[in-house]
Amino acid sequence: MTSFVLKKALLIIPSLVALSVIVFFLSKIAPGDQVQMFMAVRGSQTDRLSYHQQQKVYSEVYEELGLNKALFYISIKPAYFPDTLYKVIPASKKNVMKAWLRHDQDWEWIQLVFENHEALIGAADFFNDPELAFILTQIKTIHATADLQKARQLAIDLKNSTENNAVNVPHKTRELLSNYFINFLHDQKKTQRITSVFPTLHWHGLNNQYHQWLSKAIRLDFGISLTDGQPVSKKISMAFIWTLSYVIFAYLLSLFLAISLGLYTAYHQNKWQDKLISTSGFVLYAVPLFWLGTLAIVFLTTDIYGKWLHIFPDIGVGSAYESMIWIEKLGEGLPHLILPALLLGMHGAASAIRLVRNTAIVELKADYIVTARAKGISESRMVFRHLLPNTLLPITTALIGGFPGALAGSVVIEVIFNIPGMGRLLFDSIRQMDWPVVFAMVMLLGVFTFIIYLLGDILYARINPKIKYQSA
Amino acid sequence: MKTRLSKISVNVSIMILIFFAILAIFAPFLANDKAILCKDVDGLHFPVVSGQKCEQPEFSLQPFLKYHYSGIDPQNAAFISPLTDQHLQPGQQRHYLGTDRIGRDVAAGMIHASRVAILTGTGSMVIALLIGLLIGLTGAYFGNDQLSITRRSAMIGLLSIFLGTFLVYYRKYFSGNFSQVLFTLLIFMMGLVLADGVLKRLKPFRKRFKLPLDMMFSSFIEIFQSLPASFLVLVLVSLFTKASLYNVILIIGLLRWPSIARFARAEMLKIKEQRYIEAARAIGMSDLRIIVRHALPAVMTPVIVAVAFGFSSSILLESALSFLGIGLPADHVSFGSLLSEARKNYEAWWLVVFPGFAIFCLVFAMNTLGDHVSRLMERK
């Protein structure tokens, strides 16, 4: 028994590691500029700053978020790829560099050109010359052009125009400018060795983004939300309380309905009771939850189709104020949660009834039931002492495993009923591209699912004598 | 349970599915603002197919509904009920099922939405079938001790997977120079052949070991099944920078295969012990041939059950996504997006009832058929 549990628990560890890696890399491909959103939420005003100062603020935030670190412990890249590309700030510059690298495979030249570019911009900020500023905007365009062919053409045009017009620029800057053009346009014919595309392995050490993210995530620190600056874990825990408060009720309701009705229909197999309940369960199973919810809202929570149908309170969670502590908020909101909980519970039961019924029908034909009946046991004792445990045993994991699903699958219900729970939070965060919240929720839900399944397995092992004997 | 009721419900389900399939296939010809066929001075035109319009047609064959699903009728904007007087110009068709907020015809939207729903179900189930059958059949067929390979081939296999992934991942960085790509490929191939030759000579690499394929695949199935699919679909779909129905289909297909794999695996475990498979093995048939020619047809019956339920659940998922407006383009019309219009105006009952009932019919029909097949199997 202990060894069984231990084995199951040990198997979870690699799954958790894999989960964290997958979630981390998914969070890295999410669209949108996190740095910009982070700056916006902190209220950094960058409109009035010069280009150079804007870049500086951006770089600071970028470094603060640790985005200039390597992604993972190791990386495998073609040999000509620099192993320090991740340090480049900002991301747009990095992308242009990557695109040029793709074309030329000459990292040293790219570095040189970009250094010259930075030096020019620094000098221009210093002199503040309008004519120079015009040239500089041109150069900035060049350095924002991912297509190297096009960028080269732009540079040639710019060089010709500056030479023809004999632009009046300060001496030092002119030197920088000519230097820049020489470096940019010099015809390098570096022969590429075939080994330059071979995969090479780089070791980046522990100071990488994944390590940083994971070590914080273990302490439940998922950073701050990019929409309102609150800690992610605080936002999630508040939403979790709301969701848990009605999902537990819904889940217990669906368990109760599924087990009682499942056994009832199995016992009365093929009689009218069975047909009625099974068919209505089957029908309910085919009804989309959001349709059911919308219908219930339209008919049961408004006066539009008659006052007598207005049974349940309005959607939302009532007048829960920010200043209330959570228990007060819950007290205010609970009446509004009755209808969603009922819908969710009934909908969840619709599929589970079939599972219980089919298992129970098989069990009813088993020898031990026949024997028990032959011994003259009362029918109720037969059902509760023999049929019930034996029916539940094979489907324990399935029934328990429904809980994380119920917790997560409440998105639609929470959106239409306007409940500030996990599903609603996920929905809002996705729409506002608040990725720290989204991926923290994915990670937590994944861990939660694994734990619930482990508990299910342990419970299964505890109540199943076969496993007890096997490991003993 | 062979009752009249179940017989009727199966027949009705088949009819519903055929009805929706016809709607899906001929959607542009059933509801369109262009004519199907028309004749003018230049000759015959097929505006629905070609897109060009007829000026002053001599005769024209109009579709059943003269509205396009994205066409806006400003006269009838702001939720016009199908039962009230509509602001129609002479010769204009009624909006049989009413309009939505910006004046799109709901009936035309419904016809297009059935196309979307059928496409979602079919597309995602094709993906799920490919993955599910591959994993379920091979895992069960080879079991934990049937597939033994040498360490050499395992090494070479892993190496080629690694090199292949590397090439695919960095494909952009080689594409500038075609000869380099070719040369790299050649070098990689040669390296693999060379490594193979060297490993062949080394004794420890000639040892064979058994690959516990069934254990690997069934834990894989278990993990995927435990994931809350609807939650994950929502997150994954939103990661694409460009919203599209095909992303949704792909993601649903990638998450809905475990039940197919489980059914296929369970059936394969039963079949494996049977005489005809044994006989096929005895006459020296290859494993691939046995799986494809002999096991696959027998496995299909239970797999159809899983596919039927998977089909309906992917339709439900897609409509939930479009109801929430996540991962799908803004101008996308499906049952879910029609239903979400009703949230803007609770009095628009036609936006609640018709699309919802259509989803219900499709899902119910699919589930009934799945249920019917599984009962037939039980009786056998």
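Residues numbered from 1 in each chain as written. Chains lettered and ligands numbered in written order. Predicted model: local features only at pLDDT ≥ 70, side-chain atom pairs only at ≥ 80, totals over all residues. Heavy atoms only, no water.

Engineer: What exactly am I supposed to notice about the overall build of chain A here?
Structural biologist: When you go through chain A residue by residue, the secondary structure sums to 19 helices and two strands. For chain A, the proportion of contacts with a sequence separation of at least 24, taken over those separated by at least 6, is 73%. Approximately 24100 Å² of chain A is accessible, and the part contributed by carbon and sulfur atoms is 61%. (Helix = DSSP H or I, 4+ residues; strand = E, 2+ residues; numbered from the N terminus. Contact = heavy atoms within 4.5 Å. Areas by Shrake-Rupley, 256 points an atom, 1.4 Å probe, with all protein chains shown as cover.)

Engineer: Help me understand the environment of His 336 of chain A, please; the structure alone is not making it clear to me.
Structural biologist: Residues and elements named next belong to chain A. Tracing the sequence through the fold places His 336 in helix H13 (residues 326–364). A relative accessible area of 16% places His 336 in the buried class. Linking His 336 and Tyr 264, residues 72 residues apart in sequence, is a C-alpha distance of 32 Å. (Buried < 20%, exposed > 50% of the residue type's maximum accessible area, 1.4 Å probe, protein only.)

Engineer: Looking at this structure, I do not really get the pattern of salt bridges. What am I missing?
Structural biologist: In this structure the tally under the stated criterion is 11 salt bridges over all chains. With a closest N to O distance of 3.0 Å, Arg 357 of chain A and Asp 274 of chain A form a salt bridge. In this pair, Arg 357 of chain A is assigned in helix H13 and Asp 274 of chain A in helix H11 (residues 272–285), connecting sequence segments 83 residues apart. Given the relative accessible area of 11%, Arg 357 of chain A is considered buried. Here Lys 270 of chain B makes a salt bridge to Glu 267 of chain B, at a shortest N to O gap of 3.6 Å. With Lys 270 of chain B and Glu 267 of chain B both in helix H11 (residues 257–272) and three residues apart, the pair spans about one turn of that helix. Counted as one network, the salt bridges with shared partners bring together Asp 228, Lys 235 and Asp 434 of chain A. (Salt bridge = Lys/Arg side-chain N within 4 Å of Asp/Glu carboxyl O.)

Engineer: Would you mind showing me how to read the packing of aromatic side chains here?
Structural biologist: Applying the stated rule across the entire model yields 31 aromatic pairs over all chains. One aromatic cluster is present, built from ring pairs that chain together Phe 24, Phe 25, Phe 72, Tyr 73, Trp 203, Tyr 210 and Trp 213 of chain A. (Phe/Tyr/Trp six-rings, centres within 6.5 Å; stacked < 30°, edge-to-face > 60°.)

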